[in-house]
Amino acid sequence: MKEDRDLQFLASCPSSELKTLVDMMTFDKSGNVRFSEQLTNTDAYLRYYPERLPCMWQEIANELQRFGGNTIVNVIRRGGVCYREILKDVCRKMKVYFSGSEDTVELEQRLLEKACTETVKNMSESELREMAEQLGIGEKNPKKFAVVFALQMAIRRGGAIFARIAQHVVRMIAEVLLGRSAMMVGGNLLNKAFGVFCGPVGWAVTLGWAACDLASPAYRVTIPCVMQVACMRLQQLERRRIER
């Protein structure tokens, strides 16, 4: 594993969140173990999966670096790359603007903000109202533009509501790119509101803004994995904020 400060926080993440990340990297759309993965063959995986995953955070980080290298220069380099390079590569792929001077947290924030904002804009009025009601946002029976505005403001403000929206948007994106078999049911927040997107047609419409190369096996892994890592960091920062 390359030394990577941006992934050290994985050591303090819950096993439930790490399991989602691990499953994204190790299982394909059919629920079979990926041919290209190396994590399930490690002693750490056999010993710690799925209940004690923080104990193998370095192996998890190494696998992510290796997958990220496949999207960038692994063919030549024959090795992984640091998380920040993977993050920047995903941001370019997802058409998220950045200058390069932003720190990792800010880059992740921009990526999640775009994913959440664009997803919200593609939801129907009834879906938006249901989502806003569950989150306690907006007035009773508001117009679509008002709900979109309220949700966009909540996303920009950050905090717990943004973390909840991001968690489910990341799950939706992962379902598009990896298939439902790879997803973990880590929580029930907003499941009803997002229930409409349980089919391929709904996924395609909702995520039509993301002009990704879905034919690329490496990006089908790195895009949802980077978003999952970003979401995990966001949730950890929110937990720390509440504990203060």
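Notes on the structure follow. Because the structure is predicted, anything quoted here is derived from the model rather than measured.

Procedures and definitions
Residues numbered from 1 in each chain as written. Predicted model: local features only at pLDDT ≥ 70, side-chain atom pairs only at ≥ 80, totals over all residues. Heavy atoms only, no water. Helix = DSSP H or I, 4+ residues; strand = E, 2+ residues; numbered from the N terminus. Buried < 20%, exposed > 50% of the residue type's maximum accessible area, 1.4 Å probe, protein only. Areas by Shrake-Rupley, 256 points an atom, 1.4 Å probe, with all protein chains shown as cover. Axes fitted to C-alpha atoms, helices over the stretch in contact; angles between N-to-C directions. Parallel < 35°, antiparallel > 145°, perpendicular 65-115°, else oblique. Left-handed = near helix turned anticlockwise from the far one by under 90°. Contact = heavy atoms within 4.5 Å. Nonpolar A, V, L, I, M, F, W, Y, C, P; charged D, E, K, R; others polar. Salt bridge = Lys/Arg side-chain N within 4 Å of Asp/Glu carboxyl O. Polar contact = N/O pair within 3.5 Å; in protein donor to acceptor, adjacent residues only side chain to side chain. Core = buried A, V, L, I, M, F, W, Y, C linked by side-chain atoms within 4.5 Å.

1. Section: the overall build of the chain
Along the chain, the regular secondary structure elements total 11 helices and zero strands. Ordered by position from the N terminus, the helices and strands of the chain form the series α-α-α-α-α-α-α-α-α-α-α. Residue burial in the chain is summarised as follows: out of 244 residues, 54% are buried. Summed over its atoms, the accessible surface of the chain is roughly 11,900 Å², and 51% of this surface lies on carbon and sulfur atoms.

2. Here's the deal with the packing of helix H7 (residues 125–135) against helix H8 (residues 144–157)
Where H7 contacts H8, the two axes come as close as 9 Å, and the packing angle between them is 45 degrees. The orientation of H7 with respect to H8, classified from their angle, is oblique. Like other packed secondary-structure pairs, H7 and H8 cross with a definite hand, here left-handed. The residues of H8 that touch H7, namely those facing Glu 125, Leu 128, Arg 129, Met 131, Ala 132 and Leu 135, are Lys 144, Val 147, Val 148 and Leu 151. Each residue belonging to the contact of H7 with H8 can be placed in one class, and the counts come to seven nonpolar, no polar and three charged.

3. Considering the pattern of salt bridges
Evaluation of the coordinates by the stated rule reveals eight salt bridges. The salt bridge partner of Arg 239 is Glu 17, with a shortest N-O separation of 3.1 Å. Here Arg 239 is found in helix H11 (residues 217–243), whereas its partner Glu 17 is found in helix H1 (residues 15–26), with 222 residues between them in sequence. Overall, Glu 17 belongs to the buried group, its relative accessible area being 12%. We note a salt bridge from Arg 110 to Glu 106, for which the minimum N-O separation is 3.2 Å. One end of the pair is Arg 110 and the other is Glu 106, both in helix H6 (residues 104–121) and four residues apart, which spans about a single turn. By relative accessible area, which is 27% here, Arg 110 ends up partly exposed. One network of salt bridges, in which partners are shared, links Glu 102, Glu 106 and Arg 110.

4. Some points on the side chain of Lys 19
As for its position among the elements, Lys 19 is in helix H1. A relative accessible area of 17% means that Lys 19 is categorised as buried. At a separation of 3.1 Å, a polar atom in the side chain of Lys 19 contacts the side chain of Tyr 49.

5. Structural notes on the side chain of Glu 63
Tracing the chain through its elements places Glu 63 in helix H3 (residues 57–71). According to the relative accessible area criterion, Glu 63 is buried, its value standing at 2%. Reaching out from Glu 63, the side chain makes a polar contact with the backbone nitrogen of Leu 39 at a distance of 3.4 Å. Other than its neighbours up to four places away in sequence, Glu 63 contacts Met 25, Glu 37, Gln 38 and Leu 39.

6. Considering the nonpolar core
One finds Leu 10, Ile 60, Leu 111 and Leu 151 to be the most contacted residues of the largest nonpolar core, which totals 70 residues. What Ile 60 contacts, discounting residues up to four positions off in sequence, is Leu 10, Leu 18, Leu 21, Val 22, Met 25, Leu 39 and Leu 53.

By themselves, these figures tell us nothing about what the structure is for.
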